[in-house]
Amino acid sequence: MLDQIRDKTLNGKRLDREEGRWLLTDAPLLEVGALANEARLVRHPERVVTFVIDTNPNYTNVCITDCQFCAFYRKPGDKEAWTLTVDEVLAKVEFAASKGATTVLLQGGHNPALPLDYYLTLVRETRSRFPQVTPHFFTASEIRTMAQVAGITFEDVLDHLWEAGQRTIPGGGAEVLSERVRTRIEPKKGGPEAWLSVHRAAHRRGFKSTATMMYGHVEQVDDLLDHFDAIRTLQDEHAGFTAFVPWSFKPGNTLLEKWIKHYKGPNAYLRMLAVSRLYLDNFPHVQASWFSEGKQAGQVALHFGADDWGGTLFEENVHKAAAYVNTITVDEIVTLIREAGFTPAQRTTEYEILQRY
Amino acid sequence: MRFSDTRLDPIWDKARAGERLDRRDGLTLLESDDLLGVGRIADHVKSTREGDRVYFVINRHITPTNLCVLSCSFCGFARKPGDAGAYEHTIEDMVGMVKDDMREVHIVGGHHPDWPFEYYERMIAAIHAARPEVQIKAFTAAEIDYFWRRWKLPPTEALTRLKAAGLQSMPGGGAEIFSPRLARLLKYTGKADPDRWCEIHGIAHGLGIKTNATMLYGHVETLAERVDHMLRLRGQQDATGGFLTFVPLAYQTATTKLVPRQTPPADSLRTIAAARLLLDNFPHVEAYWVTLGEETASIALNFGADDVNGTLEDERIQHLSGAQTPAGLAREQLFRMIRDAGKTPVERDALYNVVQVYN
């Protein structure tokens, strides 16, 4: 099986579901990793690993969707519920810009009290006041919420965001794109199509986006394969995905914690990254998540097919709510990438290289 | 197997044929940028020897004292008499630290300025009398050598008496890096030198005492010095055959600053893999989670390591030097580290008798 997969991978042929299943379950880990590294070097022959200077603030924790894996949200009216004003959010953008950030990944709960104009103002003001910052705002499910509240289609919302100056969309909220999983852990968020349709429309409109995956909860191998198949098929349509970003579910303070006590470990993560590099043959980049998996696993991941280190994440609140915290500086990122044997390079939201170190 | 670093091809051929690797092979393994290539060869050899088994032991460490006459540059643990934090355990204290549910107690401490050899002998006898089922792994070759330096007690006599008192095996510490250059640079010339360290392990092996061997790496040593260290151990094992486990110890940077950062995981993984391949006569190679951190230790189980040490109720030396892993990792956490790597946890005793296989 390994020889067959190797042959297909290096000759530009697509892996099928049974091959994916074998890679996810039975293939020797380091064989998968070595092949993924080979595929990575075919696609990116230079031993460069990119990173972005970014921050990941939130505008509200109010949410009506009650996902079982989430420790961050509060229901409307909750004592701990909060929503930032436009000025408060822009102060965070200003702070990040002063620290050299080129990307602000802004996301929040599904807050029905916020009008469309709130979101559009955030995009417009960020564009005009901080032109060096790319507003990488609002995941698919937030865009759906905006549409519902405003009584328009999500395609219309995408048009408005585009006109306000937005060009990229973060990939969060995918979790595992399988009907079974989403019904079980996030029944109010809709099936895979709820996420996929927004990204499809966004790509058609000209947006770039990322695809994420949060694994390590109730999913089985077929669910992971459903996820891979769905995003690979969508990528064939418009090639709008820049990167694939998987991370492990953190159970702290969530409803799922009752059944799932611990997050999956580093070997499971390395396998996920390596398989994604091989299976998602039309994705340019695979991101190693130092933030969610730890800096050690992140460094090793660069040998398992990943070519991007993610960002500085000056601010992050979602994992923090699950009692999981990790911080880093640009100097440390550069050191970590170099230690792993690669050349660090700062990139933009859309993976254009700004400077090499 | 295919390698992006073609220098690994002849090493793979040798490993498959069961041929011994040489010094140049060892250097190639440590230098190669084909991290996974090095790991795959080591994993093949480990799997051939041990299948999916990864060993652990329910154990604890006891450190009788942190008073030490030496001043090794890499040590954040030692104290001088009168220093804040200096301590000396009584034998009664130490007996109280050993519980019936442990399989192994690991006893290593400073080179105390005044304690007579008889104190150590009574310590072993008292623990053995109180907990006869618990195997006692005690005193590095450096400490045995110190009994000679301080009290002129020959190692053969010291080890014979300790064995009679209940000692069953010896830990592998005090080896540091076998290099006269580094012994001078890092001020450990007052410690058993490589000849003496190996001599004492040879004596122990002759008395039927199994031992371990360590290597402190990731500071200012060269890769060639690591290879020479391992080859020296291999030669000793050929001669006396009593080593059980090789334990590479990643240097901890928090209190002593020989280098600014701990060596990266790829270097530790390569070192473990190279050890598995070079030390063809060592039954086991350990991924010691306290110094590696849990993530890297877990990954190392796919790079040739077949042991994670144990539950370690107390590990003062590495912790005072700043190891960040939680003290007293529970058995469940060891299971997670082993199972995440796709391996089968096997509980062992100090001598690698299998207690239970956890399928």
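Residues numbered from 1 in each chain as written. Chains lettered and ligands numbered in written order. Predicted model: local features only at pLDDT ≥ 70, side-chain atom pairs only at ≥ 80, totals over all residues.

We now examine the interface of chain A and chain B. Of the residues lining the interface, 22 residues belong to chain A; the matching set on chain B comes to 22 residues. Contributions of two or more residues to the side of chain A that touches chain B are made by α3 (29-43), α11 (266-279) and α13 (295-301) of chain A. At seven residues, α3 of chain A tops the list of elements feeding residues into the side of chain A that touches chain B. Classifying every residue of the side of chain A that touches chain B gives eight nonpolar, 10 polar and four charged. (Contact = placed C-beta atoms within 7 Å. Helix = DSSP H or I, 4+ residues; strand = E, 2+ residues; numbered from the N terminus. Nonpolar A, V, L, I, M, F, W, Y, C, P; charged D, E, K, R; others polar.)

With that settled, consider the pairing of strand β1 (residues 48-52) of chain A. Residue and element names in this part refer to chain A. Taking burial as the measure, the five residues of β1 include four buried ones, the bulk of the element. For β1 and strand β9 (residues 308-311), the ladder comprises two bridges, and the chain directions are parallel. Paired with valine 52 across the two strands is glycine 311, which belongs to β9. (Buried ≥ 20, exposed ≤ 12 C-beta atoms within 10 Å, placed from the backbone. Pairing = 2+ DSSP bridges.)

With that settled, the discussion passes to the sheet that holds β1 of chain A. Residue and element names in this part refer to chain A. With respect to topology, four strands assemble into an open sheet ordered β9-β1-β10-β11, the strand pairing being mixed. Two strands close off the open sheet at either side, each with one partner strand: β9 and β11 (353-356). Direction aside, the axes of adjacent strands within the sheet are offset by 25 degrees on average. (Axes fitted to C-alpha atoms, helices over the stretch in contact; angles between N-to-C directions.)

Bringing the confidence of the model for chain B into the picture now. Looking at chain B as a whole, its pLDDT mean stands at 93, while 95% of the residues score no less than 70. Taken together, the chains of this predicted complex give a pTM of 0.93 and an interface ipTM of 0.92. (pLDDT = per-residue confidence, 0-100.)

With 14 residues, helix α11 (residues 265-278) of chain B extends 20 Å from end C-alpha to end C-alpha; this agrees with the ideal 20 Å at 1.5 Å per step. Burial runs high along α11 of chain B: 13 of the 14 residues are buried. (Expected span 1.5 Å × (residues − 1).)

Attention shifts here to the sheet that holds strand β6 (residues 210-217) of chain B. Residues and elements named next belong to chain B. Read from one edge of the open sheet, seven strands run β2-β3-β4-β5-β6-β7-β8, paired in parallel fashion. Each of the sheet's edge strands pairs with one partner strand only, and the pair in question is β2 (59-62) and β8 (284-285). Taken together, the two bridges between strand β4 (residues 135-138) and strand β5 (residues 167-170) define a ladder with parallel strand orientation. Of the residues in β5, the one forming a bridge with isoleucine 136 is leucine 167. Lying on the sheet, α11 is in contact with β6, β7 (243-250) and β8; it crosses β7 at an angle near 160 degrees.

When two helices pack together, their arrangement is given by the angle between the helix axes and the distance between those axes. All names here are of chain B. It is at 10 Å that the axes of helix α9 (residues 194-206) and helix α10 (residues 223-240) come closest, and there the two elements cross at 30 degrees. In terms of their interaxial angle, α9 and α10 are classed as roughly parallel. Where α9 crosses over α10, the handedness of that crossing is right-handed. In this structure, α9 contributes Pro194, Cys198, His201, Gly202, His205 and Gly206 to the contact, and α10 contributes Arg232, Gln236, Ala239 and Thr240. Residues that form the contact of α9 with α10 fall into these classes: three nonpolar, six polar and one charged. (Parallel < 35°, antiparallel > 145°, perpendicular 65-115°, else oblique. Left-handed = near helix turned anticlockwise from the far one by under 90°.)

Here we take up the pairing of β11 of chain A. All names here are of chain A. Of the strand pairs in this sheet, strand β10 (residues 343-347) and β11 are connected by three bridges, and their pairing is antiparallel. Its bridge partner lying in β11, glutamine 346 is registered against glutamine 355. With antiparallel pairing between neighbouring strands as the criterion, β10 and β11 make up a hairpin whose turn holds five residues, including tyrosine 351 at a positive phi of roughly 70 degrees.

The next subject is unusual backbone geometry. Residue and element names in this part refer to chain B. Here the phi dihedral of phenylalanine 139 falls at roughly 70 degrees; this positive angle occurs in a residue that is not glycine. Looking at where phenylalanine 139 falls in the secondary structure, it is placed in the loop between β4 and α6 (141-151). Judged by local crowding, phenylalanine 139 falls into the buried class, with 27 C-beta atoms found within 10 Å. Positive phi, close to 50 degrees, is recorded for glutamate 176, a residue that is not glycine. Here glutamate 176 lies in the loop between β5 and α8 (180-185).

Here we come to the packing of helix α4 (residues 86-98) of chain A against helix α5 (residues 116-129) of chain A. All names here are of chain A. Relative orientation of the contacting elements α4 and α5 amounts to 35 degrees, with a least axis distance of 10 Å. When the axes of α4 and α5 are compared, the crossing they make is right-handed. Contact with α4, carried on its side by Val86, Val89, Leu90 and Val93, involves Tyr118, Thr121, Leu122, Glu125, Thr126 and Arg129 of α5 and no other residues of that element. Tallied by class, the residues present in the contact of α4 with α5 amount to six nonpolar, two polar and two charged.

All names here are of chain A. Counted at 1.5 Å a residue, the expected span for helix α10 (residues 221-238) with its 18 residues is 26 Å, and the 27 Å between its end C-alpha atoms agrees. Within α10, the full set of buried residues consists of Asp223, Leu224, Leu225, Asp226, His227, Phe228, Ala230, Ile231, Arg232, Leu234 and Gln235. Looking at the buried residues of α10, the elements they touch are α2 (17-25), α8 (179-185), α9 (192-205), β6 (208-215), β7 (241-248) and α11.

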